[in-house]
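# Coordinate inspection notes
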Amino acid sequence: MILDYFRKIDALLLIVTIVFVFIQVWLELEIPGYMSAITNIMTGAEEGEVLDEGIPMLGCAFGSLVISVFVGLIIAYIGTNMGKTMRARQFNQVERYSATEINKFSIYSLITRSTNDVNQVQMAFILGLMVMIRAPIMAVMAIMKISTKNIGWVEITIFCVLVMIVCIGMILWFTFPRFKRIQWMNDDVNRITKESLAGIRVVHAYNAESYQEAKFQAANADLTGTHISVTRAMAFLQPVMTTIMSMLGLGIYWMGAIIISEAGSMEERLADFSDMIVFSSYAMQVIAAFMMLIIVFMILPRAMVAAKRIDEVIKTEPTILDGEITESPKGQNGKISFRNVSFRYPGASQDAISDISFDVDKGETVAIIGSTGSGKSTLVKLIPRFYDVDSGSVIVDGIDVKDYTLEALHRKIGYVPQKAIMFNGTISSNVNYGDSEKDRTEEDVKKAIEIAQATQFVESTEGQYQGKVAEGGTNLSGGQKQRISIARAICRRPEFYIFDDSFSALDYKTDRVLRSQLKKETAGVTTLIVAQRLGTIKDADKIIVLDEGRIVGMGKHQELLKDCEVYYQIARSQLSEEELVR
Ligand code: ADP
Ligand code: MG
């Protein structure tokens, strides 16, 4: 899976790295050879000759150091780039997701996956690769050097390696499952932290600090407990390694003593002695190589969990896919039809809307009214394909919405959601938003803001049209956000407007002026309005009354007052007796 994120250059760099590591290990393994030569000299010659062997030895050490630094840099470069690619791919994929996929993962988890999890994999990759290339090369080359030596020493080394594998295996066996759990616990801690921060005002207002704290502490304690038990197990690692190394050293010298005492002449004894010194440093290298490999296996579990979570995001295909049509047929624009449309949210037990049929003609204004939860928002969300219908069809300009490319479909629609969404930037960048933003001028932005009745407040804010909008629009009131959000749709000059309860945060007067302006400026543009207030929709060409996801009335205000009980009840709660004459 990791290989998926490699570019050609990375593969090339990797090969270069492997070559470098070979050279580095070779240099490193030359050092004991010089050591043994020096030992030989020590026993007879003058000190001047020590330098003859010592200088090349230092050269080897220095060369190995320089190459090590290089290798580290290259691997860090490859690893960081891999992290970048992972984040980018996740971001692009998540952008294609429909609401269904986003709900499946949850926003918090998606954020953790593209930050924390990527870091986790990146770190393991960088550490792991350094060791993973070096350790096997080191082990093989060191073993090759050793194997020509005395058989007794080799046996002791093999024995020590085996003991080490068993010890570390036991530690791993204990820590492995816990490492996995830590990743999920991290998710919990993140989720609770973010939930508390996002809702901090409510937390304060309801004095719920201790409640949130308790929740946090439980998750935090879980995480800490697992960390501690893992660390405790890991604490054995170092002493175990030191013990094994000492055991090995002792073993080699003990065996050496026997070998030397059996040797005949003084020369032979000396040769055996220097052999022993060389052998023990190679043996230590073998042990160190194995140990490094094993340490990688300890970082690996967490990284593997993280990599899997990243992969899930990238492999999940959006359920809502592009059609092929980019242009609707001539003379068909401005029309929307629903044909026996039913839709149920994934996992819900009931249809959110069922068997909905109606037509909207070019230039018409159609209003949708009904109590909360009656399915109004759901109905309009089917037009831009935020969800796909379960049965029936939604037809825009004579063509099923599923047949359009999403881009072409969305270009037709000026959608204003129930909850205004603001992006970090300026007022102007929030209004002139989305594709073809270059085609729209400053004048278009001003005009859109004027129609949306926002000119007054925009011009009185600091910076005016370039005034700052914070992330999520936290520096604007609900009504101001709604008007910017409406201006955004107007600025696009779409073929259809969809207003999902977009006037609810406006006062009655602004609501009325805005709609009359809009009507004047956008005459001939098909408009769908979802609203709670009768005042907002009374003059619509057609009113659709929804109740529990079904159409219970359709017609003009006066007709509905007479024929539709649900509509009459809504009207009765809002209008005076005179206005209610049936
Ligand atoms: P309205 O806009 O008329 O207030 P909605 O269309 O938002 O109503 O909701 C209709 C029904 O669908 C409600 O019963 C609501 O609980 C349910 N619903 C809305 N959004 C979702 C969702 N994302 N997942 C599951 N059920 C949902
Ligand atoms: Mg709604």
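Residues numbered from 1 in each chain as written. Chains lettered and ligands numbered in written order. Predicted model: local features only at pLDDT ≥ 70, side-chain atom pairs only at ≥ 80, totals over all residues. Heavy atoms only, no water.

Here the focus is the overall build of the protein chain. In terms of helices and strands, the protein chain carries 20 helices and twelve strands. Computed over the C-alpha atoms, the radius of gyration of the protein chain is 37 Å, more than 25% above the 25 Å expected from 2.2 N^0.38 for a compact globule of 582 residues. Here the C-alpha coordinates of the protein chain stretch approximately 125 × 45 × 45 Å along the principal axes. Each of the 582 residues in the protein chain was classed as buried or not, and the buried ones make up 46%. For the protein chain, the share of sequence-separated contacts (at least 6 apart) that also reach a separation of at least 24 residues comes to 76%. Between the averaged position of the 59 positive side-chain charges in the protein chain and that of its 67 negative side-chain charges there is a distance of 7 Å. (Helix = DSSP H or I, 4+ residues; strand = E, 2+ residues; numbered from the N terminus. Rg over C-alpha atoms; globule rule 2.2 N^0.38 Å. Buried < 20%, exposed > 50% of the residue type's maximum accessible area, 1.4 Å probe, protein only. Contact = heavy atoms within 4.5 Å. Lys, Arg positive; Asp, Glu negative; His and termini not counted. Charge placed at Lys NZ, Arg CZ, Asp CG, Glu CD.)

Attention now goes to the packing of aromatic side chains. Per the stated rule, a full pass over the model turns up ten aromatic pairs. Taking the centre distance of 5.2 Å and the plane angle of 45° together, the rings of phenylalanine 499 and phenylalanine 503 count as tilted. What makes phenylalanine 503 buried here is its relative accessible area of 3%. In textbook terms, an aromatic cluster arises when at least three aromatic residues are bridged by ring pairs, as seen for Phe343, Tyr345 and Tyr387. (Phe/Tyr/Trp six-rings, centres within 6.5 Å; stacked < 30°, edge-to-face > 60°.)

In the vicinity of ligand 1, the residues found are Tyr345, Ala352, Ser371, Thr372, Gly373, Ser374, Gly375, Lys376, Ser377, Thr378 and Tyr387. Residue serine 377 places a side-chain N or O atom 2.7 Å away from an oxygen atom belonging to ligand 1. For ligand 1, the accessible surface in isolation is 560 Å², of which the surrounding protein chains cover 60%. Here the residues of the shell around ligand 1 sort into three nonpolar, seven polar and one charged. (Near = heavy atom within 4 Å. Polar contact = N/O pair within 3.5 Å; in protein donor to acceptor, adjacent residues only side chain to side chain. Areas by Shrake-Rupley, 256 points an atom, 1.4 Å probe, with all protein chains shown as cover. Nonpolar A, V, L, I, M, F, W, Y, C, P; charged D, E, K, R; others polar.)

So, about the sheet that holds strand E5 (residues 399-400). Strand order in the open sheet formed by four strands is E2-E1-E4-E5, and the pairing between neighbours is antiparallel. The open sheet has two edge strands with one neighbour each: strand E2 (353-360) and E5. In terms of strand pairing, strand E1 (residues 336-343) meets strand E4 (residues 391-396) through five bridges, oriented antiparallel. Opposite phenylalanine 338, over in E4, you have valine 394 as the bridge partner. (Pairing = 2+ DSSP bridges.)

For the rest of this paragraph, the subject is the sheet that holds strand E11 (residues 542-547). Pairing is mixed in the open sheet, where six strands are placed in the order E6-E9-E10-E3-E11-E12. Of all strands in the sheet, those with a lone pairing partner are strand E6 (413-416) and strand E12 (550-555), marking the two edges. On average, each strand axis in the sheet is tilted by 15° relative to the strand beside it, whichever way the strands run. Examined bridge by bridge, strand E3 (residues 365-370) and E11 share five bridges and lie parallel to one another. The residue bridging isoleucine 369 from the neighbouring strand is valine 545, located in E11. The strands touched by helix H16 (residues 478-491) are E6 and strand E9 (496-500); relative to E6, the strand with the most contacts, the crossing angle is about 175°. (Axes fitted to C-alpha atoms, helices over the stretch in contact; angles between N-to-C directions.)

Right, let's talk about the coordination of the magnesium ion (ligand 2) for a bit. Protein coordination at the magnesium ion (ligand 2): the donors are Ser377 (OG) and Gln418 (OE1), at 2.0 to 2.4 Å from the metal. Taken together, the residues serine 377 in helix H11 (residues 376-381) and glutamine 418 in the loop between E6 and strand E7 (425-426) connect sequence positions 41 residues apart. By relative accessible area, serine 377 is classed as buried at 16%. Judged by its relative accessible area of 42%, glutamine 418 is partly exposed. (Donors = N, O, S within 2.8 Å, 3.2 Å for Na, K, Ca; no water.)

If you trace the backbone, serine 280 turns up in helix H10 (residues 266-315). Once residues within four sequence positions are removed from consideration, serine 280 is found in contact with Ile252 and Tyr253.

What the domain assignment lists for the protein chain is domain 1 (2-315), domain 2 (325-412 + 496-582) and domain 3 (420-493). Computed over C-alpha atoms, the centres of domain 1 and domain 2 are 61 Å apart. (Domains from an automatic or database assignment.)

On to the packing of helix H6 (residues 151-198) against helix H8 (residues 209-235). Put simply, H6 and H8 touch, their axes get as near as 9 Å, and they point 160° apart. Judged on the interaxial angle alone, H8 and H6 are roughly antiparallel. Classified by chirality, the crossing of H8 by H6 is left-handed. Of the residues that constitute the contact of H6 with H8, the class distribution is 13 nonpolar, nine polar and six charged. (Parallel < 35°, antiparallel > 145°, perpendicular 65-115°, else oblique. Left-handed = near helix turned anticlockwise from the far one by under 90°.)

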